[in-house]
Each structure stands twice: as C-alpha cells, then as structure tokens.
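Structure at a glance
Listed below, chain by chain, are the residues.
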Number of protein chains: 2
Amino acid sequence: MNNLTVFNDHDLQFMMQAIALAERGRFTTTPNPNVGCVIVKDNRIIGTGYHRQAGQPHAEVYALQQAGALAKNATAYVTLEPCSHFGRTPPCANALIDAGISRVVVAMQDPNPQVSGQGIARLRAAGIRVDIGLCAEAAEQLNRAFFKRMRTGLPYVQLKLAASLDGKIAMASGESKWITSSQARQDVQRFRAQASAILSTHVTVKKDNASLTVRYDELPSEIQTIYPESTLRQPIRIIIDRQNQLTGDENLFHQSGEIWIVSQTQRQIMPINCQQLLIPDQPNQINLQLLLKACAKRQMNSLWVEAGAHLAGALIEQDLVDELIVYYAPKLLGHNAQDLAVLPHLTLLADAPQFAYHSVTMVGNDLRCILHRQP
Amino acid sequence: MNNLTVFNDHDLQFMMQAIALAERGRFTTTPNPNVGCVIVKDNRIIGTGYHRQAGQPHAEVYALQQAGALAKNATAYVTLEPCSHFGRTPPCANALIDAGISRVVVAMQDPNPQVSGQGIARLRAAGIRVDIGLCAEAAEQLNRAFFKRMRTGLPYVQLKLAASLDGKIAMASGESKWITSSQARQDVQRFRAQASAILSTHVTVKKDNASLTVRYDELPSEIQTIYPESTLRQPIRIIIDRQNQLTGDENLFHQSGEIWIVSQTQRQIMPINCQQLLIPDQPNQINLQLLLKACAKRQMNSLWVEAGAHLAGALIEQDLVDELIVYYAPKLLGHNAQDLAVLPHLTLLADAPQFAYHSVTMVGNDLRCILHRQP
C-alpha cells in the first residue's frame, strides 16, 4: 500500500463482525473462500451477509439486498476484495457501485489471479473510497486454505495425529482402540466437516474399517446451529490404494459421498460414487506432490489427513504438511509401541522438521495441539 | 469434620495470603513443610510470617512477634495445623495460646504422625475456637511432597522429560543437544531449586557431563527476589552408578553440594562430599523402591528425576512417579530416533500407565505439560 490508512474503533468493530459472519460459511463454501460483508450508515448496520455455498450469491449481494435503498452513500466492510469477474454470479464490485456505496473497507486483496486488485481498481475508478488492510491477519487466517491453493497450486494440508505422551499411536500388537478419548475422536468431526477432502490409505480404511465421513449428530451443537443438516456436505474421500487392495465391501463404500481411489494400476471394478486417480510415475510409491497438485487442480482448498505413520512421515519429509493437529492422551505406551511418523531420511537433529505451536486446548482428558509448519 | 464451618470472604482472603506467604519458603524449608500465618484483628492484618528454613522459627512465631500485644483476642490463619511437640523449636500451639489468640483458622490437619490433630486439640482445650478446612486443597497442593512422605514413606517423585512431538529424546546417533529451547532448559532450574534431591544415572552424568546443580543466575528474577543467593541450597544429587563407573573426575564432582552414589558394590575411592548408598539386593538392577524409601527415611520430601529412557521407564512401570514434567519441542525426529520411556512389560493398551494433565504452559517455543499420576 502506498498510503497508510488509519482505521478507527468503529471500522474495527464492523470488520470483526464481517469476519465472524464469513466464518459461518466454513462448512459449505468450498471451493470458494469464506467472505463476510457488513454495510453501515451513520455507524449503524443496515445490511449483513456472508457467502454460503459455491454458486450462491456472494456476501456483498446479501448485504446489499438487506440494505436496499439505504445503501446509497453507505460504507461496506468486506473481508476479501470484491470480485470483478463474471463467474457463476455477476461481479460484486459492480453491485457495490450500482448501489451507490461511497466507501469500501477491504480486509485484504484477493490472491485469486482472476481478481487480485481488479475489484479494488474498478471501485476506485467509480469514485469509491477504498481502504485496505483492516484485520488483514484474521482475514488471511480465515481463508488460509483457499489462499494456499491460489498462491501455490497445492491444497492446505492438515495432518491429524492421535498419540500417547511418548508419541505412540498403537501397541506393538497393533492395538489402538482407543488411545484418545471419545471427546477427542468427536472433536475430529468438526475438522473433517470443514475440509474439502479427507486423505487416507487403504491400510487405515481396512484397519479401523473407517468410513471417514462427517457424522452430523457428532458435530457440537454450536456448529449444528449454524450448519443445518439439510446443507451437510461430505468431503471427498481420497484413499491411497496403490495396488487396488480395497474390495469395495469396506464400510467406506457404504456411506454417501464421493470417493477417489489413488492407484498405480487400473481397477477392474469401480464401486459406486468412486473414481480412480492414476499416479503411476514412481515405482512402489505414490508421488504425493502430484497427488496434491491434482487435488488443487480439482479445486480442493484443504486436505484433512488421517493415516498411519508412513503416509504421515512421507508428507512431513516432503514438506507437504501445513498444519499438525495432535491429540495427546495422558498415558505412556513405551518403546515397543508403534511410532507416530516414519522419517527414514532424517539423521541430524538440525534437519528435524520444525513446527510452531498455534493453539493448545484440552479436549476431554486429552490435549489438542495445533502447530503450523515453520520454514 | 463433624460440623460444617462456613467461612466468609475475609477468611478466604486472609488464608490465601497465608498460602502465598508459605510459598515463599519453597526453596529452603526442606525437609519441613511450607507454612504461612496471618494474624488479623478487626479485619486488619497485624502480623504475618512464614517458615523459612528447618531449625528456624515456624510461621506462627514470626507472625506473633509482629503482632505483639495486639495478638490478644485476634484470629490466626495458618496453612497447616500448628505443631504441638517440641522439635527444634517449641510448639506453636502453645505460643498461640500464650499470646491470647481467640480463633485459629487452619487450612488442614498435619498428616505428620507427631502432630496430627494434637495441635488442634491443644488449642481447643485452651478455649480457642478452631475452624478447619479453608483452602484445604491449595494447602494440600502446597506441601504435596511433604505429605506424600508422611503418608507413604516415599518421596514425591517428579520425572522431567524433554522430547520432540513424536516423543523422541535423541537421534539414533545419540545427538540430543538441544531438542528443547534454552528457555525450557532454564525453566528446569526452578524445579531443581525446589527439590529435596535430584536423581540421575551415571549414563546421563557422563553423556552430558552434567553437574545437576541449581545455577542461581539462571533462576528467574521473580524467584531471585524471594530467594537471596546467600540462602541458596543445592539439592542432594543422587546418582545411580551400580558398578561404580564414575571416575570422580566428572563435572558433577566439581560443584558444591552433597552427592550420593547408589551402587551394588563398594567404591574404592570416594570423591569429596560424596557418600555411598549400597542397594545390592537385586542382581543387575537397583531396587528403586528401596532407593526411594532410603531417600524418604533421610527426610527427602521430593525427588526431581533427570535421566534416560531406562530409569524413566522403570520408575513409571513400578508406579513410583507422581508427576511428569514434559517439555515438547515443536519438531519431529522420526521413528529411528530414541524413545522417551522403556516399558518392557507393557503389551495391552488397558495397562498403559495413566496420568492427568495438571497444567500446560508455553516455555519459549516449547510446550511444558505437567501431569499427575492417575490411579
């Protein structure tokens, strides 16, 4: 920015409301970002809106509808730069101009190359004052998955782990039901529900006979309030099954929702709702970089990974993990138990993959640590 | 208690002050408990005191000295039942009676068999109203190590661990300097300073050439304020060295403070400030139960353990650990790295040693989890 914009307390308050509104869409807007909008005149809110679902109107449209004729000379607070292109809906920049809005406060520019800066330019060309950068950090955090995809062509990868205090995920025998508490397992549901897709392996699917779906009745009631069951979205389930070892009879296939099977050779019979993604370029392993690129290309913003120590380790070693979500049960399983992450190439402490604690919360009797990748 | 005592806000406030005073003695009173006393008349504090060091006056004596003649008909708040026996100082119950105190509020009865209930009985026999049980939980926590020794004949064992997110304490090569941050290592100093003794092994002493002392200049300034360097106490260092492999040239022996060497055969040459504890009853291992009993018998309330995965695991498997203090560095070391705890006998998840989170705190970039043993 060339000019330093000074925002006042009212600006801050309204933008924070816009961000809170935007968050309500976090279960349903994928592949679109979460956006909230608050329209204000004489320090009073005259319209609010947020983006609910791809294909449905953007936040600004709902807020302008509510404001009606009052929108003339009002200020709009938007968590993301208004769009300037015709997608599935007409450009919001035009709608704001047409409604006679006189000032637009934007939390941050849209990193989407189809928009970036053009929405703001169009508003300014129409004589609207545009102030940028209020609550930029919160707005960035709100859509970190969408932005990751826009900027890098890769999805935002969240790796979920559940371990004992000594970092073990199963006994030597394989026994692992249950290391963490039912509250921790339920907590996973809220993360699954927000992910574009869930990534796992045939081993995990077979071991736990996991369906890897969102179970609506296990979502916390405060989420159910803003996320009616009628709008329930099942994240795409992506299962690495290199040699097509899944029969199609597993629980996974008996739940509704799209499934991708990632293999190196063509499956003979394809279960219903399934499609296959062939990534044959590397012998004996799936090229994870290619897999993630394919996910991003198909507009997946975020991947929620539930898998064993091999996939977890491979993602970490290849620096493909953005966020770790680790549930620590307050018990010890000892040296014979199974390790959290297989990192075959790591020998020097200085090369250890480094994260930073983002949040730490008790979930039942377990501790949930969220960490972000450090460069 | 037969009668339910109702305490008011003033009572609560004064007892909390007494507990805060008691805590100031936590670096120096071992083997005695921490005790604080506040004397109040007409809702105004007229005397305060806390126990500073074994052999020095008890909390009540300092508080009574300050109150002087005003103590007549005043109320005394004491964090622990006043003593009734002649130890190194005369009984405090008598001092309270002689000063004309009319009411004594006691947080909890003394579990020390030489006192338990007799101090209260003596006060009541002298016509003083005694109310028991205010802030009992905080008072119990304050002296949990002393009480453990009194009740069980074993010291309160705190096991310190420093690990990666995946519970590893060193690379396969043995490289472990440093997994955790300097802040975490400095944080350890405050725990060492409060322990009666530090327990380690010849392996750890040799590996890190550790001196296992309290380094006054590394204590946080808020501790230095209440703990002048002139009163610095070095916890006894107890080193398991079954086969007398320490030469006496290690750093450990060049620092002031008492050292115990725990062995199965007689040492030929004994370094200065050292004594030997022979526990030969089991072949190829030290009977840890006997070692801890010997510590308690020598009036050690608490043991701070800094050791490797074998001693850590043995203490855990034998259910001798009361508290875990785990520093988690936000990095992953992988499956080849060294484990936190060797638990050779554990095969079933249901038998996993169980703890409960007591506190979770950021220390620099690391997370410090304190857990208490669950039955």
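Reading guide: rules and limits
- Residues numbered from 1 in each chain as written.
- Chains lettered and ligands numbered in written order.
- Predicted model: local features only at pLDDT ≥ 70, side-chain atom pairs only at ≥ 80, totals over all residues.
- Heavy atoms only, no water.
- Helix = DSSP H or I, 4+ residues; strand = E, 2+ residues; numbered from the N terminus.
- Rg over C-alpha atoms; globule rule 2.2 N^0.38 Å.
- Areas by Shrake-Rupley, 256 points an atom, 1.4 Å probe, with all protein chains shown as cover.
- Lys, Arg positive; Asp, Glu negative; His and termini not counted.
- Charge placed at Lys NZ, Arg CZ, Asp CG, Glu CD.
- Contact = heavy atoms within 4.5 Å.
- Buried area = accessible area lost by both parts, 1.4 Å probe.
- Salt bridge = Lys/Arg side-chain N within 4 Å of Asp/Glu carboxyl O.
- Polar contact = N/O pair within 3.5 Å; in protein donor to acceptor, adjacent residues only side chain to side chain.
- Pairing = 2+ DSSP bridges.
- Axes fitted to C-alpha atoms, helices over the stretch in contact; angles between N-to-C directions.
- Least-squares fit on C-alpha atoms with pLDDT ≥ 70 in both.
- Buried < 20%, exposed > 50% of the residue type's maximum accessible area, 1.4 Å probe, protein only.
- Arc of directions from axis to C-beta.
- Core = buried A, V, L, I, M, F, W, Y, C linked by side-chain atoms within 4.5 Å.
- Patch = residues over 30% accessible without salt bridge, like charges linked within 9 Å, V, L, I, M, F, W, Y side chains within 5 Å.
- UniProt positions renumbered as here; feature names shortened; annotations may be inferred.
- Phe/Tyr/Trp six-rings, centres within 6.5 Å; stacked < 30°, edge-to-face > 60°.
- Lys NZ or Arg CZ within 6 Å of the ring centre and 35° of its normal.
- Disulfide = S-S within 2.5 Å.

1. A short note on the overall build of chain A
Scanning chain A from N- to C-terminus turns up eleven helices and 16 strands. For 375 residues, the compact-globule formula gives about 21 Å, and the C-alpha radius of gyration of chain A, at 23 Å, lands near that figure. Its C-alpha atoms give chain A principal-axis dimensions of roughly 70 × 45 × 40 Å. Here chain A has roughly 16,100 Å² of accessible surface; of this, 48% comes from carbon and sulfur atoms. Taking the average place of the 34 positive charges on the side chains of chain A and the average place of its 32 negative ones, the gap between the two points comes to 4 Å.

2. Observations regarding the interface of chain A and chain B
Every contact between the two is made by 44 residues of chain A and, on the other side, 44 residues of chain B. Overall, the association of chain A and chain B removes approximately 3,500 Å² of surface from exposure, summing both partners, and the carbon and sulfur fraction of that is 66%. When the buried surface of chain A facing chain B is broken down by residue, Leu332(A), Leu349(A) and Tyr357(A) rank first, second and third, together holding 23% of it. The tally of links from chain A across to chain B stands at two salt bridges. In this structure, Lys168(A) and Asp339(B) form a salt bridge, with 2.7 Å as the shortest nitrogen-oxygen distance. The tally of links from chain A across to chain B stands at 16 residue pairs in polar contact (both at pLDDT 80 or more).

3. So, the sheet that holds strand E15 (residues 355–363) of chain B
Residue and element names in this part refer to chain B. Strand order in the open sheet formed by nine strands is E11-E10-E9-E8-E12-E6-E13-E16-E15, and the pairing between neighbours is mixed. Either end of the sheet is taken by a strand with one partner, and the two such strands are strand E11 (274–278) and E15. For this sheet, the mean angle separating the axes of adjacent strands, direction not counted, is 20 degrees. Pairing of strand E6 (residues 156–164) with strand E12 (residues 302–306), which is carried by five bridges, proceeds in the parallel orientation. Within the sheet, the bridge partner assigned to leucine 159 lies in E12 and is valine 305. Strands in contact with helix H6 (residues 144–152) are E6, E12 and strand E13 (323–329); relative to E6, the strand with the most contacts, it is inclined by about 130 degrees. Lying over the sheet, helix H7 (residues 182–194) contacts E6, strand E8 (197–201), E12, E13, E15 and strand E16 (366–373), oriented at roughly 155 degrees with respect to E12.

4. Considering the relation of the copies chain A and chain B
The two chain copies are connected by a rotation around an axis plus a translation along it. Once chain A is rotated about the relating axis by 180 degrees and shifted along it by 0.0 Å, it coincides with chain B to within an RMSD of 0.1 Å. Such a combination of turn and shift is consistent with a two-fold rotation axis. Within chain A, Gly167(A) has its C-alpha nearest the rotation axis, a separation of 2.2 Å. When the interface residues of chain A are mapped onto chain B, 100% of them again fall at the interface, so both copies present the same face.

5. Here's the deal with the sheet that holds strand E3 (residues 75–78) of chain A
All names here are of chain A. With mixed pairing, the five strands of this open sheet are ordered in space as E2-E1-E3-E4-E5. Each end of this open sheet is capped by a strand with a single partner; those strands are strand E2 (44–50) and strand E5 (129–132). Ignoring which end each strand starts from, the neighbouring axes of this sheet average 15 degrees apart. The sheet contact formed by strand E4 (residues 103–106) and E5 spans four bridges and is parallel. Paired with valine 106 across the bridge in E5 is isoleucine 132. Of the strands in this sheet, E4 and E5 are in contact with helix H4 (residues 118–125), which crosses E5 at around 150 degrees.

6. Digging into the environment of Ala99(A)
Residues and elements named next belong to chain A. By the secondary structure assignment, alanine 99 is in the loop between helix H3 (92–98) and E4. On the basis of relative accessibility, which here comes to 25%, the residue alanine 99 falls in the partly exposed class. Every residue in contact with alanine 99, bar those within four places of it in the chain, is listed here: Leu64, Ala71 and Lys72.

7. Here's the deal with H4(A)
Residues and elements named next belong to chain A. Every buried residue belonging to H4 is among Gly119, Ile120 and Leu123, and all of these are buried. Projected onto a plane normal to the axis of H4, the buried residues spread over an arc of 95 degrees and lie on a single side. Where H4 terminates, the next one or two residues include glycine 127, which has phi positive at roughly 90 degrees.

8. Re the nonpolar core
Core analysis: the biggest nonpolar cluster contains 102 residues, and Ile238(A), Leu291(A), Leu324(A), Ile238(B), Leu291(B) and Leu324(B) have the highest contact counts within it. The contacts of Leu324(B), once residues within four sequence positions are left out, are Leu165(A), Leu332(A), Leu159(B), Leu161(B), Ile316(B), Phe355(B), Cys369(B), Ile370(B) and Leu371(B).

9. A look at a nonpolar patch on the surface
Residues Val360(A), Met362(A), Val360(B) and Met362(B) make up a contiguous nonpolar surface patch of roughly 290 Å² in combined accessible area. Where the nonpolar patch is concerned, the elements lending two or more residues are strand E15 (355–363) of chain A together with E15 of chain B. One can find Met362(B) in strand E15. Assessed through its relative accessible area of 42%, Met362(B) is described here as partly exposed.

10. Here we look at the UniProt feature "domain: CMP/dCMP-type deaminase" (unreviewed entry) in chain A
In the numbering used here, UniProt assigns the feature "domain: CMP/dCMP-type deaminase" (unreviewed entry) to residues 9–131 of chain A. Within the segment residues 9–131 of chain A, helix and strand shares are 32% and 20% respectively, and the terminal C-alpha atoms sit 15 Å apart.

11. With respect to the packing of aromatic side chains
Residues and elements named next belong to chain A. Applying the stated criterion to the full structure yields eleven aromatic pairs over all chains. Here the aromatic rings of phenylalanine 191 and tryptophan 304 are separated by 5.0 Å at their centres, their planes lie at 5 degrees, and the arrangement is stacked. Taken together, the residues span a long stretch of sequence, with phenylalanine 191 in helix H7 (residues 182–194) and tryptophan 304 in strand E12 (residues 302–306) at a distance of 113 residues. Accessibility assignment for this pair places phenylalanine 191 and tryptophan 304 in one class, buried. Of note, arginine 52 hangs over the ring of tyrosine 62, and the distance from its end group to the ring centre comes to 4.6 Å.

12. Concerning unusual backbone geometry
Put simply, Lys177(A) and Trp178(A) share a cis peptide bond, and its omega is -15 degrees. As for its placement among the helices and strands, Trp178(A) is situated in the loop between strand E7 (168–170) and H7. Of the consecutive residues Thr30(B) and Pro31(B), the connecting peptide bond is found in the cis state with omega at 10 degrees. Considering the arrangement of structural elements, one finds Pro31(B) in the loop between helix H1 (9–23) and strand E1 (36–41). At Asn209(A), a position not held by glycine, the phi torsion is positive, near 45 degrees. You can see Asn209(A) is positioned in the loop between helix H8 (202–208) and helix H9 (221–226). The class for Asn209(A) is partly exposed, based on a relative accessible area of 35%. Phi is positive for Asn273(A), close to 70 degrees, though the residue is something other than glycine. Along the chain, Asn273(A) falls in the loop between strand E10 (259–263) and strand E11 (274–278).

13. Things to note about the pairing of E15(A)
Residue and element names in this part refer to chain A. Bridge count for E15 against strand E16 (residues 366–373) is eight bridges, and the pairing is antiparallel. Of the residues in E16, the one forming a bridge with tyrosine 357 is leucine 371. Connecting the antiparallel pair E15 and E16 is a turn made up of two residues, with glycine 364 showing a positive phi of about 60 degrees.

14. Examining the state of the cysteines
Residues and elements named next belong to chain A. Evaluation of the coordinates by the stated rule reveals zero disulfides over all chains. Left without a disulfide partner, cysteine 274 is nearest to the cysteine sulfur of cysteine 295, which lies 15 Å away. We classify cysteine 295 as buried; its relative accessible area is 0%.

15. Considerations on the pattern of salt bridges
Where charged atoms from two side chains of opposite charge come close, those side chains can pair. For the coordinates displayed, the defined rule picks out 34 salt bridges over all chains. For Arg103(A), the salt bridge identified is with Asp131(A), shortest N-O distance 2.8 Å. You can see Arg103(A) sitting in strand E4 and its partner Asp131(A) sitting in strand E5, a full 28 residues away along the chain. No difference in accessibility class separates Arg103(A) from Asp131(A), as the two residues are buried. Measuring nitrogen to oxygen at the nearest pair gives 2.5 Å for the salt bridge that ties Arg373(B) to Asp319(B). Of this pair, Arg373(B) sits in strand E16 while Asp319(B) sits in the loop between helix H11 (309–317) and E13; the two residues are 54 residues apart in sequence, bridging distant segments of the chain.

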